[in-house]
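# Structural characterization, general
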Amino acid sequence: MRVIPPEVPLDDDEFVTRAQAGDREAYDVLVARHTASAYRTAVLLGAGPDAEDVIQEAFVKGYRNLARYRAESSFRAWLLAIVANETRNLHRSRDRRDGLVLRAAAADPHAEVTGDGAVGAVLAAERRALLVDALRRLPVKDREVIVCRFFLDLSEDETVAMLGWPRGTVKSRTSRALAKLRGLLDRQEVHHG
């Protein structure tokens, strides 16, 4: 009897290498793996209803620029940097930098509500709305670092790669942005009783 070893899924670097060699199916796998993160990034950075267009453009640009990917950071961070840039381009074209529209993409829309959980769900939705409102009020760079670190759960290294900022800037801006966000949330808590 022949023993078949279990399949080991290929990591992104192997698919990137294959895609760089012209294997479109390998790039399709990368797209499938990272579509959810890319969409969440675009939405949280304010693409709103244009998020799908933003990520489609980001995936096209990513494919065209695969030769430039050097694996200095993860493929995910590199791709999300493209998504962030495309989202910024969207804002410039809309000329609405001050009025970014965030969606509560971090929410799990498929969560089950059972029994007394309905009250908890309502309270969670209210807290989520307050958080989204507070995020809207943050300056763009503060919002970007908060989204990267806490909504997308990127590591510090991935955040550095995605935003193109020095590590010290990511650390200090994260700290200051969290303090600003706490202040905004505290003020909202007082107003909402």
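Above this text is the structure in question.
Anyway, here's the lowdown on the structure attached to this text. Predicted model, so just to flag it, every value in this text is computed and none were measured.

### A word on the overall build of the protein
When you go through the protein residue by residue, the secondary structure sums to eight helices and zero strands. Scanning the protein from its N terminus toward the C terminus, one meets helices and strands in the order α-α-α-α-α-α-α-α. The 193 residues of the protein split such that 37% are buried.

### What to know about the side chain of His 34
Topologically, His 34 is positioned in helix H2 (residues 24-44). With a relative accessible area of 7%, His 34 lands in the buried category.

### Comments concerning the packing of H2 against helix H3 (residues 51-64)
The N-to-C vectors of H2 and H3 enclose an angle of 140 degrees; their axes lie 9 Å apart at closest approach. Put simply, H2 runs oblique to H3. In the crossing of H2 with H3, the sense of the turn from one axis to the other is right-handed. Across from Arg 24, Tyr 27, Val 31, His 34, Thr 35, Ala 38, Tyr 39, Ala 42 and Val 43 in H2, the residues of H3 making contact are Ala 51, Glu 52, Val 54, Ile 55, Phe 59, Gly 62 and Tyr 63. Looking at the contact of H2 with H3, its residues break down into eleven nonpolar, three polar and two charged.

### Overview of the side chain of Thr 159
Structurally, Thr 159 is set in helix H7 (residues 156-163). Every residue in contact with Thr 159, bar those within four places of it in the chain, is listed here: Val 145, Cys 148, Arg 149, Leu 154, Gly 164 and Val 170.

### Quick look at the pattern of salt bridges
Applying the stated criterion across every chain yields a total of ten salt bridges. One network of salt bridges, in which partners are shared, links Glu 156, Asp 157, Arg 167 and Lys 171.

### Here's the deal with the environment of Arg 76
Within the secondary structure, Arg 76 sits in helix H4 (residues 75-94). Relative accessible area serves as the criterion here: at 16%, Arg 76 is assigned to the buried category. Separated by 78 residues in sequence, Arg 76 and Leu 154 place their C-alpha atoms 9.3 Å apart. In contact with Arg 76, not counting residues within four places along its chain, are His 34, Ser 37, Arg 40, Leu 152, Asp 153, Leu 154 and Glu 158. Within the local environment of Arg 76, its side chain forms a polar contact with the side chain of Ser 37, the two groups lying 3.4 Å apart.

### Re the environment of Lys 180
One can find Lys 180 in helix H8 (residues 167-192). Taking the relative accessible area as the measure of exposure, Lys 180 reaches 39% and is therefore partly exposed. In sequence terms Lys 180 and Leu 135 are 45 residues apart; their C-alpha atoms lie 9.6 Å from each other. When neighbours within four sequence positions are excluded, Lys 180 is seen to be in contact with Leu 138, Pro 139 and Asp 142.

Rules and cut-offs
Residues numbered from 1 in each chain as written. Predicted model: local features only at pLDDT ≥ 70, side-chain atom pairs only at ≥ 80, totals over all residues. Heavy atoms only, no water. Helix = DSSP H or I, 4+ residues; strand = E, 2+ residues; numbered from the N terminus. Buried < 20%, exposed > 50% of the residue type's maximum accessible area, 1.4 Å probe, protein only. Axes fitted to C-alpha atoms, helices over the stretch in contact; angles between N-to-C directions. Parallel < 35°, antiparallel > 145°, perpendicular 65-115°, else oblique. Left-handed = near helix turned anticlockwise from the far one by under 90°. Contact = heavy atoms within 4.5 Å. Nonpolar A, V, L, I, M, F, W, Y, C, P; charged D, E, K, R; others polar. Salt bridge = Lys/Arg side-chain N within 4 Å of Asp/Glu carboxyl O. Polar contact = N/O pair within 3.5 Å; in protein donor to acceptor, adjacent residues only side chain to side chain.

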